[in-house]
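# A look at the structure
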There are 2 protein chains.
Amino acid sequence: MSRQLGSGRTTLPQQLAQVLRQRIREGHWSQTQRLPTEAELCAEFQVSRVTVRQALRTLESQGLITSRQGVGTFISVSDAMVHTGLQELKSITETIREMGLTPSMRFSLKKIRPATPDEAAEFPGNPGGDVLELRRTISADDVVVAYVHDVMPMWVFGDDFDVDDLTGSVFAHLGKHTDVVPRRAVSEIHACRGLPAEWAPFAEEPPAPETLFLLLDQMQFDHRNRPFMHTEAHFIEGRFTFMVVRLAPV
Amino acid sequence: MSRQLGSGRTTLPQQLAQVLRQRIREGHWSQTQRLPTEAELCAEFQVSRVTVRQALRTLESQGLITSRQGVGTFISVSDAMVHTGLQELKSITETIREMGLTPSMRFSLKKIRPATPDEAAEFPGNPGGDVLELRRTISADDVVVAYVHDVMPMWVFGDDFDVDDLTGSVFAHLGKHTDVVPRRAVSEIHACRGLPAEWAPFAEEPPAPETLFLLLDQMQFDHRNRPFMHTEAHFIEGRFTFMVVRLAPV
DNA sequence: GAGTGGTCTAGACCACTAA
DNA sequence: TAGTGGTCTAGACCACTCA
């Protein structure tokens, strides 16, 4: 049997990975824990082996499958739990959704202001020199999981931007109203006790002063390699599990 | 000019990435911050474009370069600092060495004992049922940075193993004396206050009870997808900076 | 329009595993 | 020995950037 992949905006390996991920989730191969051979996947989806292998490598880097030379390709998570690893760049709300929870978000600050000297250096080539500062509280199933502070240069939004347009996921807004496509982020990870003092005026449900946090301090870059967003996200330890799939150097 | 890559145990993209990394470090292209075109790299190293692109993708995932369609490929770190990200599987000592520091290690426990029921479930197919338990303190430039607890099934080492053989890096020992090749690891990351109580008999330079740690709790798998090592590493917050390069899904 | 990176193919050969 | 995944090539066409 042969199936037709679409010819849309996404790449073939991306589409194929999506289909295979779906089948794994649905338990298509749960009896044997084994996927079809690469040749069989080529035939079914009418794509080259390189394309199949790239899709499989994506799933492997997500920890879903592993291959053994001379043997085959196997599912490496037995249950339906599909963790999204930190090595993959996704919005926080999307990550929550993939965990099967319902994300929600409350903005406690949306402010356009001049960039500080540090911010001006972080975001070179920002005509006007203004930045948008956000503070928001993110919840999963109505339980607060993170306090997030973002700074973005105003070139991202263009001239006809109204801060009230920004209501839900920042990534979703970017996709709809701008040509900024997030491509990579560089994050530092820290352990941290208590929320920084500067949060005091903004945290509407302030955590206990001794609360432990995982701090993700990250700069995000778009498809043209422009830094477009600096995020400090404080995740309450224990309410959110971070995973990383680490692979040996190619 | 054409250069010959070796034909050794490593793949061509791997070798090419190594050469390019070296050149970046040496500042070959620091004037323009721009690498040769893909076609030029193909010609110089006598490899196909697919090979060149795979090497470039490796460097990109390490945060060293970025490409822009229609323009070129550019160096994305200006100074000689080369961070190794968490998304890459390396031994702790190697990571320390790449930061330009000198790693050292002190074992406070090396013990062969029967596996607990949990451990037996973690390591299926372990004839004899014994595990090697390690507790070690890792230092960088003689400053303690991490407390590490490892459990490994004894099949890893074979029959002629003497615990006294194990003196330095565990990964290095595996490479020399066994056929286990680390391939991937799945890590959970947590923030944590104080060292767990079970460390008390072993921590020779115990940290203050309120010390903040980043805990990496990881299971490592070898090239045949066998789980061979469970590691709980407590890193003292601030003495070690963890970075992750996060990429948008292919 | 010239040149760059982005995507995809068909096919070759090798290394490994298991029967 | 047959079948699997691992590696690599040559070449095609497209999308984007910039002069």
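Chains are numbered independently. Their residues run from 1 in the order of the written sequence. Each chain takes a letter, starting from A, and each ligand takes a number, starting from 1, following the order in which they are written. It should be noted that, the model being predicted, local features are given only for residues of pLDDT at least 70 and side-chain atom pairs only at 80 or more, the latter also being counted only at that level, while totals for whole chains, interfaces and linings use all residues. The basis for the side-chain values is all heavy atoms of the structure; hydrogens and waters are excluded.

### Let's talk about the protein's contact with DNA strand C
Defined as follows: A single heavy atom is enough: if one lies within 4 Å of a molecule or strand, its residue is considered near that molecule or strand. As used in this structure description, the phrase polar contact means that two N or O atoms lie within 3.5 Å; if the pair is within protein, one of them must be able to donate a hydrogen and the other to accept it, and residues adjacent in sequence are counted only when both atoms belong to side chains. Helix and strand definitions follow DSSP, with helices as H or I runs of at least four residues and strands as E runs of at least two, each counted in order from the N terminus. Charged residues are taken to be Asp, Glu, Lys and Arg, nonpolar residues to be Ala, Val, Leu, Ile, Met, Phe, Trp, Tyr, Cys and Pro, and polar residues to be all remaining types, Gly included.
Looking at DNA strand C, there are 25 residues lining it, with A:Leu12, A:Ser48, A:Thr51, B:Arg49 and B:Arg53 nearest. Measuring from a phosphate oxygen of DNA strand C, one finds a backbone N or O atom of A:Leu12 at 2.8 Å. Between DNA strand C and the protein, one listed contact pairs a phosphate oxygen with a side-chain N or O atom of B:Arg53 at 2.7 Å. Broken down by secondary-structure element, the contributors of at least two residues to the surface near DNA strand C are α1 (12-26) and α3 (49-61) of chain A together with α3 (49-61), β1 (65-68) and β2 (72-75) of chain B. A class-by-class count of the residues in the surface near DNA strand C yields 6 nonpolar, 12 polar and 7 charged.

### Structural notes on helix α2 (residues 38-45) of chain B
Basically, it comes down to this: Each residue is placed in one exposure class: buried if its accessible area under a 1.4 Å probe, protein chains only, is under 20% of its type's maximum, exposed if it is over 50%, and partly exposed if it falls in between. We call two residues in contact when some of their heavy atoms are within 4.5 Å.
Residues of α2(B) that are buried include every one of B:Glu38, B:Leu41, B:Cys42, B:Glu44 and B:Phe45, and no others. Tucked inside the fold, the buried residues of α2(B) contact α1 (12-26) and α3 of chain B.

### Re the pairing of strand β9 (residues 242-247) of chain A
Note the cut-off: Between any two strands, at least two bridges found by DSSP are needed for them to pair.
With 5 of 6 residues buried, β9(A) is to be regarded as a mostly interior element. Across 6 bridges, β9(A) lies against strand β6 (residues 182-193) of chain B in antiparallel orientation. The residue of β6(B) that forms the bridge with A:Met243 is B:Glu188.

### Some remarks on the packing of α2(B) against α3(B)
The relative placement of two packed helices comes down to the angle between their axes together with the axis-to-axis distance. Residues and elements named next belong to chain B. Going by this rule: The axes used here are C-alpha line fits, helices contributing only the stretch in contact, and every angle between their N-to-C directions lies in the interval 0 to 180 degrees. Our angle categories are set so that under 35 degrees counts as roughly parallel, over 145 as roughly antiparallel, 65 to 115 as roughly perpendicular, and the remainder as oblique. Handedness of a helix crossing follows the sense of rotation of the near helix relative to the far helix, less than a right angle counterclockwise being left-handed and clockwise being right-handed.
At a minimum axis separation of 9 Å, α2 and α3 run at an interaxial angle of 110°. On the basis of the axis angle, α2 is roughly perpendicular to α3. Like other packed secondary-structure pairs, α2 and α3 cross with a definite hand, here right-handed. On α3, the residues that touch Glu-38, Leu-41 and Cys-42 of α2 are Arg-49, Val-52, Arg-53 and Leu-56. Of the residues that constitute the contact of α2 with α3, the class distribution is 4 nonpolar, no polar and 3 charged.

### Thoughts on the domain arrangement of chain A
Short version of the rule: Delimitation of the domains relies on an automatic or database domain assignment.
Per the domain assignment, the segments of chain A are domain 1 (12-75) and domain 2 (82-242). Centre-to-centre, using C-alpha coordinates, domain 1 of chain A lies 33 Å away from domain 2 of chain A.

### Some words on the protein's contact with DNA strand D
Close to DNA strand D lie 25 residues; A:Arg49, A:Arg53, B:Leu12, B:Ser48 and B:Thr51 are nearest. Across the atoms of DNA strand D situated within 4 Å of the protein, the share located in sugar and phosphate is 67%. Within the side chain of A:Arg49, an N or O atom sits 2.6 Å from a base nitrogen of DNA strand D. Broken down by class, the residue content of the surface near DNA strand D amounts to 6 nonpolar, 12 polar and 7 charged.

### Quick word on the sheet that holds β9(A)
Pairing is antiparallel across the open sheet formed by 7 strands, whose spatial order is β9(A)-β6(B)-β7(B)-β8(B)-β5(B)-β4(B)-β3(B). Each of the sheet's edge strands pairs with one partner strand only, and the pair in question is β9 of chain A together with β3 (103-114) of chain B. Ignoring strand direction, the axes of neighbouring strands in this sheet form an average angle of 20°. Bridging between strand β7 (residues 212-222) of chain B and strand β8 (residues 227-236) of chain B involves 9 bridges; their strand directions are antiparallel. In the sheet register, B:Phe221 faces β8(B), and the bridge partner there is B:Pro227. Across the face of the sheet, helix α6 (residues 170-177) of chain B comes into contact with β4 (130-140), β5 (143-153), β6, β7 and β8 of chain B while running at roughly 155° to β8(B).

### Notes on the packing of aromatic side chains
The condition that has to hold: Pairing of aromatic rings covers Phe, Tyr and the six-membered ring of Trp, with a centre-to-centre limit of 6.5 Å; geometry is then stacked below 30 degrees between planes, edge-to-face above 60, and tilted otherwise. By the criterion adopted, a ring carries a charge over it if an Arg CZ or a Lys NZ lies within 6 Å of its centre and within 35 degrees of its normal.
Following the criterion strictly, the structure yields 12 aromatic pairs over all chains and no others. Plain terms: the ring middles of A:Tyr147 and A:Phe213 are 6.2 Å apart, the flat faces sit at 80° to each other, and that makes the pair edge-to-face. Of the two residues, A:Tyr147 sits in strand β5 (residues 143-153) while A:Phe213 sits in strand β7 (residues 212-222), which places them 66 residues apart along the sequence. Like A:Phe213, A:Tyr147 is buried. Relative to A:Phe161, the ring of A:Phe157 lies with its centre 4.3 Å away and its plane at 25°, an arrangement referred to as stacked. Given the relative accessible area of 6%, A:Phe157 is considered buried. Across from the ring centre of B:Phe221, 4.3 Å away, lies the NZ or CZ of B:Arg184, which sits over that ring.

### Some details on the sheet that holds strand β8 (residues 227-236) of chain A
Across the sheet, 7 strands lie side by side as β3(A)-β4(A)-β5(A)-β8(A)-β7(A)-β6(A)-β9(B); this open sheet has antiparallel pairing. The sheet is open, and its two borders are formed by β3 (103-114) of chain A together with β9 (242-247) of chain B, each paired with just one other strand. Direction aside, the axes of adjacent strands within the sheet are offset by 20° on average. Across 6 bridges, the pairing between β5(A) and β8(A) is antiparallel. Looking at β8(A), one finds that A:Val148 is bridged to A:Ala233. Set on the sheet, helix α6 (residues 170-177) of chain A makes contact with β4 (130-140), β5, β6 (182-193), β7 and β8 of chain A; between it and β8(A) the angle comes to about 155°.

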